[in-house]
Amino acid sequence: MLSFEEYISLDATALADLVKKKEVSPTELVEISIKRLEEINPTINAVISKTYEYARERAKKLTSQNLSNKAFPGVPFLIKDILHPLAGVPLTMGSKSLKDYIPEKDSELIKRYKNTGLIIIGKTNVPEFGLLAITEPELFGPTKNPWNTKHSPGGSSGGSAAAIAGGVTPIAHGNDGGGSIRIPSSYCGLFGLKPSRGRLPTGPDNGEIWQGAVNDHILARSVRDSALMLDSTLGEDPGAPYIIEKPEKPYIEEIKIDPGRLRIAFNTESPIGTNVNEEHKNAIFKTAKILEKLGHYVEEDKPEIDGWKLAKSYLCLYFGEVNASIKEISLIRERKVKSSEIESLTRVLYEMGRALTAGEFVISKKYWNCAARIMGKFHEKYDIYLTPTVAFPPPLIGELLPNKIEKLLFALVHRCRLGKLIKSTKIIDTIAKESLERTPFTQLANLTGQPAMNVPLFLDKNGLPIGVHFMTKNGSENILFRLAAQLEKERPWFDKIPKLIK
C-alpha cells in the first residue's frame, strides 16, 4: 500500500506510471486521496461535493482494463464547481440560486478528462459565479489557504488550488476568465497555465465563455503534468467558435527542448497605477537575474496599453455577463431568481449590467482587439512578457468581503435599480481600482486570448508563495512550457509544501 508520504512525493504522471506498471492500483490511489480529503477538508473547506461512490466504482473498472494508452489512469482528480457539468452531481457555481441544480450530462471537457483515466472524487469550492479573486461564497463558506489558513487561496479556482496544496490530489481542474487559474496558483505555490483562446473545448452547451475571456485547464505541482494534460484534452469540438492551429509536437515533448535565447521584457508597475508590494517587485528582479544566468536577453519594457481603459472594458464584461447569467438561471430554474438567492455584490453587478447599453458593451469589447494588436506588435520584439502574477500576498479570510454598511448600500442599489445613477458617477473608477488593485496583471491575457502562466519561484518573509507571470504570443504554449521546464530545473519548487501537509 502506497503511503501518504509517497503519494505526495509524486506528481500525477508518476502516479499514473505506477498504475500502468501495476505497482499500485487505482483503488489504492482513490482511498489515499479520500482519506486525505476527509482529514484536511474540515480545515480548508476546498471540496463541496464528494463523489466517493462513483470514484470507487470507476477505480474497480479501471483495474481490469488495458491502461497503457491512457495518460492518467487511476489518478484522483477534482472538478471546479462551475461551467462544466458532471452528470448527476450538483452544479452550483457557488450560488444559492443553483444549490439544488443537477445536470444530466457531462460537458465535452469532462468527457476528455474521464478518457485520460482520471478518477473524479469531488468538486471544488468557488466564489459565486467565479466573480472574485477570493473563494468565500455565502453558500459554502470560505476556502482557506493550506500555507496559512488565515489567508485566502485566491479565486476563482481557490478550492482546486487549496486541495492540491493540501495534498488531496496532485492536479485539479480550473478555469480562468481574468486570472482564476494563475492567481490561486501564485497564492498556493502551484504551476498554473492558461492556454490560448480556443485551445480547449467549451461545448456542447457553450461557445464563447465570457466573450472568449474564459479558458480551462488544470492547476498542478509539476510542469509535465500540465503539459501532458493539455496534450490529452486539446482540440476543438463540433461547432467551436475558434479553430486554433494545433501544436507541431506534443507539449510533453516540448518540455524536453531547450528554449534557446529568449527575448524577455519585464515590468513591475501595476497597469492601473496602483501599488505593488516590494517583495513581489523584487521577485521579478530576481527572476530577471535567473533568466539572464540561463542565457536569455532581458530588459525592462512594457506594451503601450491603456491599463485603465482595459480595466473598465473588463468591468463591462462583468456587468453584462452577470446580468446575462442571472437571466439564464431563471430559464434553467423556470422561475425568477429571488434577490435572497444572490449575494449582495452580485446583485449590484446585475444592476450595472441592466444600465449598460449594447453599444457600450461593443465598444468595450473592441478595446480587447486593440490590446491584442498591440501585444502582437510587442511580441515581434519580445518572446516573453514578465510581470508579477499578483501585486500583494494573499488577503486574509474575510478581508475583501463587503462590510455591513456596503451590503446595505448594495441592497439599496438593487432595490431601487440605481445602476444608471452609479454609472453616471465616478464610482465605476473606484470599483475598478478596488477590485483589481491586488490582481491587476492577469486580465490582459484573457482579453487578448494569449497563453500565460504562473511559475511558483519564491516564498515571502512570512512563508507565503510568490508566483511570477509570463505571457507569450497567441498559440505559443510551447514557448511557455520550455521556459517553465527550464526554470523548474534551475529552481525546483515541487518539494516546497505547506506545513499543514508535513
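Here goes a summary of the coordinates provided. Treat the numbers as computed from the prediction; the structure is a model and nothing was measured. (Residues numbered from 1 in each chain as written. Predicted model: local features only at pLDDT ≥ 70, side-chain atom pairs only at ≥ 80, totals over all residues. Heavy atoms only, no water.)

Considerations on the overall build of the chain
Okay, so step 1: Across its full length, the chain carries 18 helices and 11 strands.
Okay, so step 2: Its C-alpha atoms give the chain a radius of gyration of 21 Å, near enough to 23 Å, the size a compact globule of 502 residues would have.
Okay, so step 3: When the backbone C-alpha atoms are referred to their principal axes, the chain occupies close to 65 × 55 × 45 Å.
Okay, so step 4: In the chain, which comprises 502 residues, the share counted as buried stands at 61%.
Okay, so step 5: Here the analysis covers contacts within the chain between residues at least 6 apart in sequence; of these, 80% occur between residues at least 24 apart.
Okay, so step 6: Accessible area of the chain: about 20400 Å², with a carbon and sulfur share of 52%. (Helix = DSSP H or I, 4+ residues; strand = E, 2+ residues; numbered from the N terminus. Rg over C-alpha atoms; globule rule 2.2 N^0.38 Å. Buried < 20%, exposed > 50% of the residue type's maximum accessible area, 1.4 Å probe, protein only. Contact = heavy atoms within 4.5 Å. Areas by Shrake-Rupley, 256 points an atom, 1.4 Å probe, with all protein chains shown as cover.)

Focus: the packing of helix α2 (residues 12–20) against helix α8 (residues 223–233)
Okay, so step 1: Following both chains from N to C, one finds α2 and α8 inclined at 70°, their axes separated by 8 Å at the closest point. The angle between α2 and α8 places the two elements in the roughly perpendicular class. Where α2 approaches α8, its residues Ala-12, Thr-13 and Ala-14 are matched on the opposing element by Arg-224, Asp-225 and Leu-228. (Axes fitted to C-alpha atoms, helices over the stretch in contact; angles between N-to-C directions. Parallel < 35°, antiparallel > 145°, perpendicular 65-115°, else oblique.)

Overview of the sheet that holds strand β9 (residues 384–388)
Okay, so step 1: Pairing is mixed in the open sheet, where 8 strands are placed in the order β4-β6-β5-β10-β11-β9-β7-β8. Both edges of this open sheet fall to β4 (171–176) and β8 (297–300), since each of them pairs with a single strand only. Taken over all neighbouring pairs, the strand axes of this sheet differ in orientation by 25° on average, direction set aside.
Okay, so step 2: In this structure, strand β10 (residues 452–459) lies alongside strand β11 (residues 465–471), joined through 6 bridges in antiparallel fashion. (Pairing = 2+ DSSP bridges.)

Quick notes on the pairing of strand β6 (residues 215–220)
Okay, so step 1: Among the 6 residues of β6, 6 are classified as buried, and the element is accordingly described as predominantly covered.
Okay, so step 2: Of the pairings in the sheet, the one linking β4 to β6 comprises 6 bridges and is antiparallel in character. When the bridges of β6 are listed, Ala-172 appears paired with Leu-219.
Okay, so step 3: Note that strand β5 (residues 191–194) and β6 share 2 bridges and pair antiparallel. Across the sheet, Gly-192 pairs through a bridge with Leu-219, a residue of β6.

Let's talk about the pairing of strand β7 (residues 263–266)
Okay, so step 1: In the sheet, β7 pairs with β8 via 4 bridges, with the strands oriented parallel. Note on β8: the bridge partner recorded for Phe-266 is Glu-300.
Okay, so step 2: You can see the chain leave β7, run along helix α10 (residues 278–293) and come back into β8, and the turn it takes is right-handed.
Okay, so step 3: With 3 bridges joining them, β7 and β9 adopt parallel strand pairing. Bridge pairing in β9 links Ile-264 to Ile-384. (Right-handed = clockwise from strand over helix to strand, strands pointing away.)

Section: the pattern of salt bridges
Okay, so step 1: Counted by the stated rule, this structure contains 25 salt bridges.
Okay, so step 2: Notably, a salt bridge pairs Glu-278 with Lys-281, separated by 3.7 Å at the nearest N-O pair. With Glu-278 and Lys-281 both in helix α10, this residue pair falls 3 residues apart, about one helical turn. (Salt bridge = Lys/Arg side-chain N within 4 Å of Asp/Glu carboxyl O.)

Some details on helix α5 (residues 108–115)
An α-helical turn contains 3.6 residues, so any two residues separated by three or four positions project in the same direction.
Okay, so step 1: Here α5 has its buried residues at Leu-109, Ile-110, Arg-112, Tyr-113 and Lys-114.
Okay, so step 2: Turning to α5, the residues buried within the fold contact α4 (52–63), β2 (76–80), β3 (119–124), β4, β6 and α8.

Considering helix α12 (residues 344–355)
Okay, so step 1: With 12 residues, α12 extends 17 Å between its outermost C-alpha atoms, agreeing within 8% with the 16 Å of an ideal straight helix rising 1.5 Å per residue.
Okay, so step 2: Summarising burial for α12: 10 of the 12 residues are buried, a large majority.
Okay, so step 3: Listed in full, the buried residues belonging to α12 are Ser-344, Thr-346, Arg-347, Val-348, Leu-349, Tyr-350, Glu-351, Met-352, Gly-353 and Ala-355. (Expected span 1.5 Å × (residues − 1).)

Some remarks on unusual backbone geometry
Okay, so step 1: For the peptide bond that leads from Gly-155 to Ser-156, omega is 5°, which places it in the cis range.
Okay, so step 2: Note on placement: Ser-156 falls in the loop between β3 and α6 (158–165).
Okay, so step 3: The residue after Gly-203, namely Pro-204, is reached through a cis peptide bond having omega 5°.
Okay, so step 4: Checked against the element boundaries, Pro-204 lands in the loop between β5 and β6.
Okay, so step 5: Here the phi dihedral of Phe-129 falls at roughly 60°; this positive angle occurs in a residue that is not glycine.
Okay, so step 6: Of note, Phe-129 is situated in the loop between β3 and α6.
Okay, so step 7: The buried category is assigned to Phe-129, whose relative accessible area is 6%.
Okay, so step 8: Phi at Glu-334 takes a positive value of approximately 60°, unusual for a residue other than glycine.
Okay, so step 9: Checked against the element boundaries, Glu-334 lands in the loop between α11 (307–333) and α12.
Okay, so step 10: On the accessibility criterion, Glu-334 (74% relative accessible area) is exposed.

Here's the deal with the sheet that holds β3
Okay, so step 1: Read across the sheet, 3 strands follow the order β1-β3-β2 without closing on themselves; strand pairing throughout is mixed. Where the open sheet ends on each side, the last strands, each with one partner, are β1 (47–50) and β2. Ignoring which end each strand starts from, the neighbouring axes of this sheet average 40° apart.
Okay, so step 2: Summarising the sheet, β2 and β3 pair through 5 bridges and their orientation is parallel. Directly across from Pro-76, in β3, lies its bridge partner Ile-119.
Okay, so step 3: Packing against the sheet, helix α3 (residues 26–44) makes contact with β1, β2 and β3, and its axis sits at approximately 135° to β1.

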